[in-house]
Amino acid sequence: MSTAIMLWTANRIIRKFSTSSNYYQNKLRLALIGQSLFGQEVYTNLRKQGHKVVGVFTVPDRDGKADPLAVVAEKDGTPVFKFPRWRIKGKPIPEVVEAYKAVGAELNVMPFCSQFIPMNVIDHPAHGSIIYHPSILPLHRGASAINWTLIQGDKKAGFSIFWADDGLDTGPILLQRQCPVEPNDTVDSLYNRFLFPEGIKAMVESVQLIADGKAPRIPQTEEGASYEGIQKKSNSKVNLAQPAEAIHNWIRGHDKVPGAWTVIDGQTVTLYGSSMLGESVPAGQPLEIEGASQAGVVTKKGLVLYGSDSKALMVKNLQFEDGKMISAAKYFSSGDTASVELTDDEKKIAEEIRDIWKGILSNVAAIEETTDFFKSGAASMDVVRLVEEIKQKCVGLQLQNEDVYMATTFQDFIQMFVRRLRGEDQEEEMVIDYATKDVNNMTVKMPWQCFINGKFEDAENGKTANTINPADGSVICKVAYASVGDVDRAVAAAKEAFEVGPWGRMNPRDRGTLLYKLADLMEEHQEELATIESIDSGAVYTLALKTHVGMSIQTFRYFAGWCDKIQGKTIPINQARPNRNLTFTKKEPLGVCAIVIPWNYPLMMLAWKSAACLAAGNTLVLKPAQVTPLSALKFAELTVMAGIPKGVINIVPGSGGMVGQRMSDHPDIRKLGFTGSTPIGKQIMKSCALSNLKKVSLELGGKSPLIIFSDCDMDKAVRMGMSSVFFNKGENCIAAGRLFVEESIHDEYIRRVVEEIKKMKVGDPLDRSTDHGPQNHKAHMEKLVEYCEVGMKEGATLVYGGKQVDRPGFFMEPTLFTDVEDHMFIAKEESFGPIMVVSRFKDGDIDGVLNRANDTEFGLASGVFTRDINKAMYVSERLDAGTVFVNTYNKTDVASPFGGFKQSGFGKDLGEDALNEYLRTKAVTVEY
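Residues numbered from 1 in each chain as written. Predicted model: local features only at pLDDT ≥ 70, side-chain atom pairs only at ≥ 80, totals over all residues. Heavy atoms only, no water.

Participant: When you look at the pattern of salt bridges in this model, what are you seeing that I'm missing?
Facilitator: Pairing between side chains becomes possible if they bear opposite charge and their charged atoms approach one another. All chains considered together, the criterion is met by 39 salt bridges. Measuring nitrogen to oxygen at the nearest pair gives 2.7 Å for the salt bridge that ties Lys-82 to Asp-61. Remark: Asp-61 occurs in the loop between strand 2 (52–58) and helix 4 (68–76) and Lys-82 occurs in strand 3 (residues 80–82); sequence separation between them is 21 residues. Between Arg-489 and Asp-486 there is a salt bridge, and its shortest N-O distance comes to 2.4 Å. Here the residue Arg-489 and the residue Asp-486 both occupy positions in helix 14 (residues 484–499), the gap between them amounting to 3 residues, near one helical turn. Among the charged side chains, a salt-bridge network with shared partners connects Lys-586, Glu-588, Arg-920 and Lys-922. (Salt bridge = Lys/Arg side-chain N within 4 Å of Asp/Glu carboxyl O. Helix = DSSP H or I, 4+ residues; strand = E, 2+ residues; numbered from the N terminus.)

Participant: Would you take a moment to explain the side chain of Ser-160 for this structure?
Facilitator: By the element assignment, Ser-160 lies in strand 8 (residues 156–163). Among the polar contacts made by the side chain of Ser-160, one reaches the main-chain amide nitrogen of Leu-137 at a distance of 3.0 Å. Each residue touching Ser-160, except ones within four places of it in the same chain, is listed here: Ile-131, Tyr-132, His-133, Ser-135, Ile-136, Leu-137, Ile-173, Leu-175 and Gln-176. (Polar contact = N/O pair within 3.5 Å; in protein donor to acceptor, adjacent residues only side chain to side chain. Contact = heavy atoms within 4.5 Å.)

Participant: What am I meant to see in the packing of helix 18 (residues 541–560) against helix 19 (residues 602–615) here?
Facilitator: For any two helices packed against each other, one specifies the inter-axial angle together with the distance between the axes. Interaxial distance between helix 18 and helix 19 falls to 8 Å at its minimum, and their mutual angle equals 5 degrees. With respect to each other, helix 18 and helix 19 are oriented roughly parallel. Judged by residue contacts, Thr-547, His-548, Val-549, Met-551, Ser-552, Thr-555, Phe-556 and Phe-559 of helix 18 engage Pro-602, Leu-603, Met-604, Leu-606, Ala-607, Trp-608, Ser-610, Ala-611, Ala-612, Leu-614 and Ala-615 from helix 19. Partitioning the contact of helix 18 with helix 19 into residue classes produces 14 nonpolar, 5 polar and no charged. (Axes fitted to C-alpha atoms, helices over the stretch in contact; angles between N-to-C directions. Parallel < 35°, antiparallel > 145°, perpendicular 65-115°, else oblique. Nonpolar A, V, L, I, M, F, W, Y, C, P; charged D, E, K, R; others polar.)

Participant: Looking at this structure, I do not really get the packing of aromatic side chains. What am I missing?
Facilitator: Aromatic ring pairs are reported here in terms of the distance separating the ring centres and the angle at which the planes meet. Per the counting criterion, the structure on display carries 27 aromatic pairs. Look at Phe-57 and Trp-86: their rings are 5.6 Å apart centre to centre, the planes differ by 55 degrees, and that puts the pair in the tilted class. One end of the pair, Phe-57, is in strand 2; the other, Trp-86, is in the loop between strand 3 and strand 4 (87–88), and 29 residues separate them in sequence. Among the aromatic residues, ring-to-ring pairing joins Phe-38, Tyr-132, Phe-159, Tyr-191, Phe-194 and Phe-196 into one connected group. The aromatic ring of Trp-503 is capped on one face by Arg-511, whose charged end is 5.9 Å from the ring centroid. (Phe/Tyr/Trp six-rings, centres within 6.5 Å; stacked < 30°, edge-to-face > 60°. Lys NZ or Arg CZ within 6 Å of the ring centre and 35° of its normal.)

Participant: Looking at this structure, I do not really get the UniProt feature "site: Essential for catalytic activity" (unreviewed entry) in the chain. What am I missing?
Facilitator: Following the UniProt record, one finds the feature "site: Essential for catalytic activity" (unreviewed entry) at Asp-169. Within the secondary structure layout, Asp-169 lies in the loop between strand 8 and strand 9 (173–180). You can call Asp-169 buried: its relative accessible area is 12%. In this structure Asp-169 touches His-133, Leu-137, Arg-141, Gly-142, Phe-162 and Gln-220, once residues within four positions along its chain are discounted. (UniProt positions renumbered as here; feature names shortened; annotations may be inferred. Buried < 20%, exposed > 50% of the residue type's maximum accessible area, 1.4 Å probe, protein only.)

Participant: Looking at this structure, how should I read helix 4?
Facilitator: Counting along an α-helix, one turn takes 3.6 residues, and residues three or four places apart therefore face a common direction. Those residues of helix 4 not exposed but buried are Pro-68, Leu-69, Ala-70, Val-72 and Ala-73. If you check the start of helix 4, you find a side-chain oxygen 2.9 Å away from the backbone N of Leu-69, and it comes from Asp-67. One or two steps after helix 4, the chain reaches Gly-77, where phi turns positive at roughly 85 degrees.

See below:
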């Protein structure tokens, strides 16, 4: 049965699996017939439920090692029988059957059994026998069910618990469960993700249904039934003269057992790690493959194979006839890597590893340099044990199961281990599958995949989404659309980087040096970053260069300087005489932080949050806005160039409903920083509280008031008032959502604003003379048009604009409303667009206009224009907002804290205050 070896690999997830220890009223006497970790877990959990296992019938020891089911049962004192067979020439062995009957079982439970069990054993108990089968019966009867689920490209997988009869997987169904098949699932991933953990639960549930007299017996239909034979190496050669998806399904359906193979240069080569490729194929060296419709390509990421439909797939690893496995990307590498000479300390460690090998390969007399791990009888469970024992001994060492397959002899393994220990093979050239675009007099190279643990890789489910240029509505490129599994992998990478990686142990000053280097690289690539911001978000290029990118660079330099200046305090306390006490505080990083950023300033919002987060010593997982992911992914590339260790920064583009929600719920994330709408902020706060009470900072919506008094500098008030609304085409969190103009200057102010609006050039954001670019995306532009329609219906006066510009793209006319009364929708709700909303107030009515300005649930920013310093101070003290601008607007600085009051959120970006959002305070008291 081809799933047998794979059952061993599940030990990593056993610790995550548990069933309730509640005892049910009805209990059964059970015989467990089977083997493997799966059988072990079913046995353990049935006993937890109070059922009595009266006998375990499993396979004999192999090479001196007992099956896992036998190991745990013997430890519990349960009778264990290890019959090599139950039948001879088709007839039951009487003494075996009698030994079985003697245990007095009421039900046979067969979680995984590779032996043929006689019918007089199957039918003997009062309740008969139940069997686990890894398919949705009657589909894929037979011993290679999981393989055939993938080979045939099924969209759903699952398992069945059925009542055993004298047919082959034909008995009545007791219970079934199913799950979707992901595009790049293998036998291993499907089994470990669903069939193993859920199968254990289902077996336990089935036994209880039988005990309670509630178990159904649903006859299997023959409609849609199928039976496929056991997949062996001899019949697993891949047919390359078929479509790419069929080739991919064949390879993954045989990965890892028995392994799909083909012939290259006259020798049999087994293919592992298949995934479908998107629209672009990396450059590489051609490789002729027997039976292929066209030559393969060896690239930096692996071996590309083409199907008969000219579509492509990527194979990650190759295994040769001698058992040696290599990365497919290294197929043409000339010769073996030169041996490294071990130091005395390394020789001592090598001997300790030799002892680990000896402990696993107990059947081998001595571990020689040429001892082959697998030829000596090791299975995949032993691979996991080897890796975990070595990682336990060498904390922080990056070692994967795959490394064992790549170095199967002891001498090769030690060579690989020492290089890994020294870090010599960790700095492989980063492989990036760029999307390129010739634009703005340059070729822009844009990563489009998820960035996880220092590598760019496809989303786990293979999904992508288009990102759109708002200037003309065209597709820029496809971008990975991350899944929950991608978030989990990113969080795991960030957690490992924080807990055992170099980042957590790094001297703060060295951490600052890396952030300075990152800022320098951002400056070096500022034109490319600004171009990406412009085509992806619609920002005018000159503004993107100065603000979107320019302030991002300043932010990283500012927080780089803070890295070695984060300090605690010494605190005088009452002494416990006659002893003395010293109390001090330490500022510590939180751990893994999540950052969710909006689409209006993609790079700058990334910088505002992540720079403080990293300076404090945390690691992070960041979700860019779904509609503007490209600058964040380009930033990820620069972090590698800067030498930021892998796992410290992870970027997972995707939807808020999936990726953002998983971040909110994830138990290993300790802090979430969010910039976006108030309703989503409330949902995030709720999820963060319900999950693990993670720390939260929220920068949310605004309806910022700007008060213009008659004694203002009119020229400045008009210029800055225009900027307060139309800066970044109104897509600005602190935009002045409502202007209050003193009555005596109101009409003059409006006349001059209209004159200035008419001078604004609306057009291509890459044109250096453009003042006003497109709105970020189509849905937002349509919302702005609707906002204007509501304003007119409620009686506000539309003085200018209010419509979409008649040209390709998502352009909105700069708009001006007057006569806006306090009860109106546009007086209360944020537009987040280029819409100036003006109300007048009576001359001299300072307190009256303050009351109106503060009559909002938002409190992000505010402003006042007056030449009277006393009036300015009086108003600034009473405006209920996190930021107050006096005779200016939009003047933010990296050293000044930024954040709102009320439903505009809490917590600060920028300045020293932002560091405290990503730190915790520990008090230490010492008696001496």
